[in-house]
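For reference, the chains in residue letters:
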Amino acid sequence: MEAFVGILVDTLNSMIEKELRLLCGIATDMQKLSSLLSTTKAVLEDAEQKQFTERAIQLWFQKLNGVAYEIDDKRGSYFNASRETGSVVNEPEVLGRDDEKRQIVRILTEEIIGDDQNVSVLPIVGVGGLGKTTLARLVFNDKRVIEHFEPKLWAWVSEEFDVKRIIKALIESVDKTSIGDLPLDVLQGKLQELLRGKRYLIVLDDVWNENSQKWEELKSVLQCGSKGSSIVTTTRMEMVAEIMRTLGTHRLSSLSDDQCWSLFRQRAFGSQEAEEYPNLIAIGKEIVKKCGGVPLAAKALGGFLRFKLEAEWNSVKCSEIWNLPEDETGILPALRLSYLNLPVELRGCFAYCAVFPKGSVIQKEEVIQLWMANGLISSNETMEVEDVGDAVVTELHHRSLFQAVDIHFSGYGDVPAFKMHDLVHDLARSVMKAKHDGTESNRTMMLGEPYHQLTVAFPIKITGTDQFSSFLSKCGSLRALIVRSMESTQEEFTQLSHAISNLKHLRHLNLSRCGIVELPNSICDLSNLQILNLNGCYKLRSLPKGMRFLRNLQHLCLKGCESLTHMPSEIGELTCLRTLSLVILSGKKDFQLCELGDLNMLRGELTIEHLERIEDKKDAEAACLIKKQSLRELYLVWHSERTLQRYNDEEVLEALKPCPNLQSLHVEGFKGSSLFPSWISTITAVDVVESAAEYIVGAQDSTAAAAAMSPSLKHLGLSDMPNLKGMLGREVQEEMLQNLSLLESLDIGYMNDLRALPRSLASLTALKELTIEECPKLKSLPEEGLRGLASLQELYIEGCYNLVSLSMGTKALKSLTHLSIQGSNATALPEEVKYFPALQELELNELDNLTSLPDWFGGGHLTSLQHLTLGSCPKLERLPSSIQMMKTLQSLSIGDCDLLEPRCEEGGEEEKFLSL
């Protein structure tokens, strides 16, 4: 019954919001009604417990249950009457989808289906309005598809994955007539009669189902076709694609501005000559930029503006999409379905993202912390609050509301982030506008309840400390404050006012990537502060001495604070800390490593700088890293100065034994002779930089050596190790390398004296990726080693200019899909490359002596190659004509090839390659 109550309250809320929010003055009443509904929900949940003992309440609940389902049915029909789709292409011309249609048709009609499956499933994924159904229709009606498949069936699925209804729709799509209401087993039999032994194509349009059991129930009925049968499904949700797919997911691209303009122009001008209205053309092209490549928006806005005056065109140009009339444009209702389909607990998190500027890249960690600060997420019985936030981001990504990106910040590497499509951002703003009656401005937004909880985001231009202090004095109820430097003017935010102490309710303070040098001591008065983000504050020299008073601090983010020279003592008193990115060892009055002893809630990653300052290895043991079960990445850094040496690096490394849950270890500046400690056996990734070690494992005891070789290790990176003599010490047998049976990735770089790679590479049979970079004296690859790497998929060779011989082991690398050679004096591509049947991407860059590609290039070889990149090859003059025989080649990129580029331009001798 609890689920029903939730459905009722959510349904009433959404219907009231949809139907009443346009009435003047209704917003306040809606807020009161929403509050009343929440109170009612609590009362009903209490009454639910009593229904089992009190007959009157039980009868009342039964009636209420019926009403709820009736409301939910009406709500469903309200949004679904106009959404049902069919297979007929109902557009006079579809722009911008020819290449994608051709690609999908080729996959469906030419690719060989594996022996273990009778039917292949190809999902098309994209945000609402992007044209998934249109693309599916184009594929469904393509001539090659019509000739290849018989029968072809279409079913519109929608939110409810009703197997019986879907089967009925598939049958009727063939029979072209209604078959009435028949039992499920009869319908199953009829569908199998249509499909048995035939190579069919089915389109399942607009699928939302995340229940794999329901999909398996339908799939079992569809397994009766002949080999080569295919299913195309369209969905907004990545999780749906993952559940259903057997082939790669096709993620639908946005249209270009030119393509959107063509769609807009068709609808706005019809058969009229647009050139007769130059003013409208100029305005229209500005409007098209609002469409974000979404054809629904281009068509809707064009149709909306047809027969409108220039003043109304200008009004649309200056307006946000969410301010336009919904019923006339139809854009937001199409997108809002994605919002209404969200679980209730995710809706506030999604709407909150409207606080970020449109088009901005949003860091995952930052948005999770803002959700926390505003009370939108909390921990539960099984997950910490940060994990809940991570799950929310993942879910919104799976529903195509977030687009994942990776951004790189100097000093702290790649950062998980995402973007929102412009129209999705408009959707978030429309939801927020409806919830809060439009009470927000360019720089403030009221979020959550009560309404005095604010988030203020800069860059607003505040000149001078006095103006900033005055501003802060008016924001006593602020929950989250983000300060950004003015990138456009290159003005850096360098000083935080003492007035920050007025923000007694502040929970989140983000000063990341500011030019601030020090923080005022008054920041330690913020007793409610949970998150202090100083990531990328590269000028920050120190932290306030009173940091221990921030008793509620959970996240102290210090990645990229490269000027930080010391830290205050007693940070160990902050027992709520979950994130402590960086600690720096210094004098006795400052931070000591033993202060980590009680911080057992630390999670994520931890960097310990200046390990050379440890005077006693017992200090390392006192850090109690072994008790920190949520720590996943550990960075251990020794610096060059060694004024006092009372221990050796190997002893300290051994004493810093972490919990077995640790996944990644990064060691820098280590001067011991043997790198791997005894506890390495549970680590999955190790990177070593600037180490004086002579051997990776140098243990005298062969038993200890075997344990140290880490059978769990999947990634090993070795960089700038001038003294490295080998993987194993003399007393350690070569066979020990076989313990690295799970190693999948090996990076070797910046080895100035490395002349040869070990033959023992051949024992790394699980290796999938090998990178060799900046090894200037390396002259050849060990043919014996590469010959055994049957699992190798990616090989990167960069900055090895004396590597003239690229012998790779004849016919060895049968799994290789990606080969990149950048920076070499080699004069020719090795002949072995033609025996790489799985190769999909080939990149050749900075090959100064390469004059041509071999004649065998193309001609029946490299039958899987899809992408060829040629860059900075100044002597490369021509391409072999056989390249035109490569049916799988999708892209050919040529850059900085002085002799070849002019020949490939329009009118040049190699113009024929433009068609690739």
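Residues numbered from 1 in each chain as written. Predicted model: local features only at pLDDT ≥ 70, side-chain atom pairs only at ≥ 80, totals over all residues. Heavy atoms only, no water.

1. Comments concerning the overall build of the protein
Rule in force here: Note on conventions: DSSP H or I runs of at least 4 residues are helices, E runs of at least 2 residues are strands, and numbering of each starts at the N terminus. Think of it in three bands: with a 1.4 Å probe and only protein chains considered, a residue is buried below 20% of the maximum accessible area for its type, exposed above 50%, and partly exposed in between. Any pair of residues with heavy atoms lying within 4.5 Å of one another is described as a contacting pair. For the accessible areas, the method is Shrake-Rupley and the probe is 1.4 Å, while residue cover comes only from the protein chains on display.
Each helix and strand in the protein was counted, giving 26 helices and 30 strands. Within the span of the protein, comprising 916 residues, buried residues form 49% of the whole. Counting contacts in the protein only where the partners sit at least 6 residues apart, residues at least 24 apart contribute 65% of the total. When the accessible area of the protein is evaluated, it comes to approximately 41,600 Å², of which 47% is carbon and sulfur surface.

2. Examining the sheet that holds strand β2 (residues 152-158)
Just so we agree on the cut-off: Two strands form a pair only when DSSP identifies at least two bridges running between them. The angle between two axes is taken between their N-to-C directions and runs from 0 to 180 degrees, where each axis is a line fitted to C-alpha atoms and a helix contributes only its stretch in contact.
What the 5 strands build is an open sheet, ordered β2-β3-β4-β1-β5; its pairing is parallel. Both edges of this open sheet fall to β2 and β5 (250-251), since each of them pairs with a single strand only. Where β2 meets strand β3 (residues 201-207), 6 bridges bridge the pair, whose relative direction is parallel. Residue pairing across strands places K152 opposite L201, the latter belonging to β3. Those strands touched by helix α5 (residues 132-140) are β1 (119-125), β2, β3, β4 (229-235) and β5, and its axis lies near 170° from that of β2.

3. Structural notes on the environment of Y277
Structurally, Y277 is set in the loop between α11 (257-269) and α12 (278-288). Distance in space between the C-alpha atoms of Y277 and E310 is 9.7 Å, their sequence separation being 33 residues.

4. Focus: α11
One turn of an α-helix holds 3.6 residues; hence residues three or four places apart share an orientation. Threshold: Helix span is expected to be 1.5 Å times the residue number reduced by one.
Here α11 spans 17 Å end to end across 13 residues, near enough to the 18 Å set by a 1.5 Å rise per residue. Among the residues of α11, C260, W261, L263, F264, A268 and F269 are the ones counted as buried. Here the buried face of α11 lies against α12, α13 (295-305) and α14 (310-317).

5. Digging into the pairing of β4
Sheet faces and side chains relate simply in a regular strand, where the side chains alternate between the two faces. What counts here: By definition, the crossover connecting two strands over a helix is right-handed if that path, from the first strand to the second, turns clockwise as seen with the strands pointing away from the viewer.
Where burial is concerned, most of β4 is hidden: 7 out of the 7 residues are buried. Here β4 shows no split at all, with S229, I231, T233 and T235 on one side and S230, V232 and T234 on the other all buried. Sheet topology places β1 next to β4; 7 bridges connect them, and they run parallel. Counted as the bridge partner of L122 is V232 from β4. Bridging between β3 and β4 involves 5 bridges; their strand directions are parallel. Its bridge partner lying in β4, V203 is registered against V232. Viewed along the sheet, the connection from β3 through helix α9 (residues 212-222) into β4 turns out right-handed.

6. A few points about the packing of aromatic side chains
Filter applied, for reference: A pair of aromatic rings is counted whenever rings of Phe, Tyr or Trp (Trp by its six-membered ring) have centres within 6.5 Å, and the orientation is called stacked for planes under 30 degrees apart, edge-to-face for over 60 and tilted otherwise.
If you walk through the whole model with that rule in mind, you get 9 aromatic pairs. Ring centres of F140 and W154 lie 5.5 Å apart, and the angle between their planes is 90°; on these two criteria the pair is classed as edge-to-face. One end of the pair, F140, is in helix α5; the other, W154, is in strand β2, and 14 residues separate them in sequence. Under the relative-accessibility criterion, W154 is labelled buried at 6%. Seen in terms of ring centroids, W856 and F857 are 6.2 Å apart; in terms of plane orientation they differ by 35°. Their pairing is tilted. The exposure class assigned to W856 is buried, which follows from its relative accessible area of 15%. One aromatic cluster is present, formed by W261, F264, F269, Y277 and W313 through successive ring pairs.

7. A closer look at the environment of L602
Within the secondary structure, L602 is located in the loop between β16 (582-584) and β17 (603-609). Classification of L602 as buried rests on a relative accessible area of 2%. C-alpha separation for the pair L602 and K627, spaced 25 residues apart in sequence, amounts to 9.6 Å.

8. Some thoughts on the nonpolar core
Basically, it comes down to this: By nonpolar core we mean a set of buried residues, namely Ala, Val, Leu, Ile, Met, Phe, Trp, Tyr and Cys, connected to one another through side-chain atoms within 4.5 Å.
The biggest cluster of nonpolar side chains holds 129 residues, and the ones touching the most others in it are L509, L519, L532, L534, L543, L596 and F857. Those residues in contact with L596, other than ones at most four positions away along the chain, are L580, V583, F591, L602, L606, I608, A623, L625 and K628. Counting residues in each nonpolar core, the second largest holds 87 residues, with A274, I287, W322 and F402 among its members.

9. What about the side chain of S120?
Basically, it comes down to this: The definition of a polar contact used here is a pair of N or O atoms within 3.5 Å, where within protein one atom must be able to donate a hydrogen and the other to accept one, and adjacent residues in sequence count solely through side-chain atom pairs.
One can find S120 in strand β1. Owing to a relative accessible area of 1%, S120 belongs among the buried residues under this scheme. There is a polar contact of 3.0 Å between the side chain of S120 and the side chain of S230.

10. Quick look at the pattern of salt bridges
Our working definition: Definition used for salt bridges: Asp or Glu carboxyl oxygen within 4 Å of a side-chain nitrogen of Lys or Arg.
Applying the stated rule across the entire model yields 21 salt bridges. As a salt-bridge pair, R245 and E242 come within 3.2 Å of each other at their nearest N and O atoms. Note on R245: relative accessible area 34%, which makes it partly exposed. By relative accessible area, E242 is classed as partly exposed at 41%. The partner of K559 in a salt bridge is E605, with the nearest N and O atoms 3.8 Å apart. A residue pair is termed long-range when its members are at least 10 positions apart, and K559 in the loop between β14 (555-557) and β15 (579-580) and E605 in strand β17 qualify at 46 residues. One salt-bridge network, held together by shared partners, links K101, D142 and R144.

11. Some points on the packing of helix α18 (residues 364-373) against helix α19 (residues 385-398)
Note the cut-off: Two helices that cross are described as forming a left-handed crossing if the nearer one is turned anticlockwise from the farther one by less than a right angle, and a right-handed crossing if clockwise. Under the grouping applied here, Gly and all other residues not named as nonpolar or charged are polar, the nonpolar ones being Ala, Val, Leu, Ile, Met, Phe, Trp, Tyr, Cys and Pro and the charged ones Asp, Glu, Lys and Arg.
In the contact formed by α18 and α19, the axes pass within 9 Å of each other and the chain directions differ by 120°. Judged by the twist between their axes, the crossing of α18 over α19 is right-handed. Where α18 abuts α19, its residues K364, V367, I368, W371 and M372 lie against V385, E386, G389, D390, V392, V393 and L396. Looking at the contact of α18 with α19 residue by residue, the class counts come to 8 nonpolar, 1 polar and 3 charged.

12. As for the packing of α13 against α14
Definition in use: An angle counts as roughly parallel when it lies under 35 degrees, as roughly antiparallel when it exceeds 145, as roughly perpendicular when it falls between 65 and 115, and as oblique in every other case.
Contact geometry of α13 with α14 gives a least axis separation of 10 Å together with a crossing angle of 150°. By the angle class used here, α13 and α14 are roughly antiparallel. Across from L301, F304 and L305 in α13, the residues of α14 making contact are E312, W313 and V316. Taken together, the residues of the contact of α13 with α14 sort by class into 5 nonpolar, no polar and 1 charged.

13. Overview of unusual backbone geometry
Cis geometry is found at the peptide bond from E150 to P151, where omega equals 5°. Mapped onto the secondary structure, P151 falls in the loop between α6 (143-148) and β2. Even without being a glycine, S158 presents a positive backbone phi close to 70°. The backbone of E690 sits at a positive phi, close to 50°, despite the residue not being glycine. Relative to the helices and strands, E690 is located in the loop between β20 (685-689) and β21 (695-697).

14. Things to note about the pairing of strand β18 (residues 630-637)
In terms of strand pairing, β17 meets β18 through 6 bridges, oriented parallel. Bridging across to β18, E605 finds its partner in E633. For the crossover from β17 across helix α22 (residues 617-622) to β18, the handedness is right-handed. Where β18 meets strand β19 (residues 664-668), 5 bridges bridge the pair, whose relative direction is parallel. Residue L636 lies in a different strand from β19, and its bridge partner there is V667.

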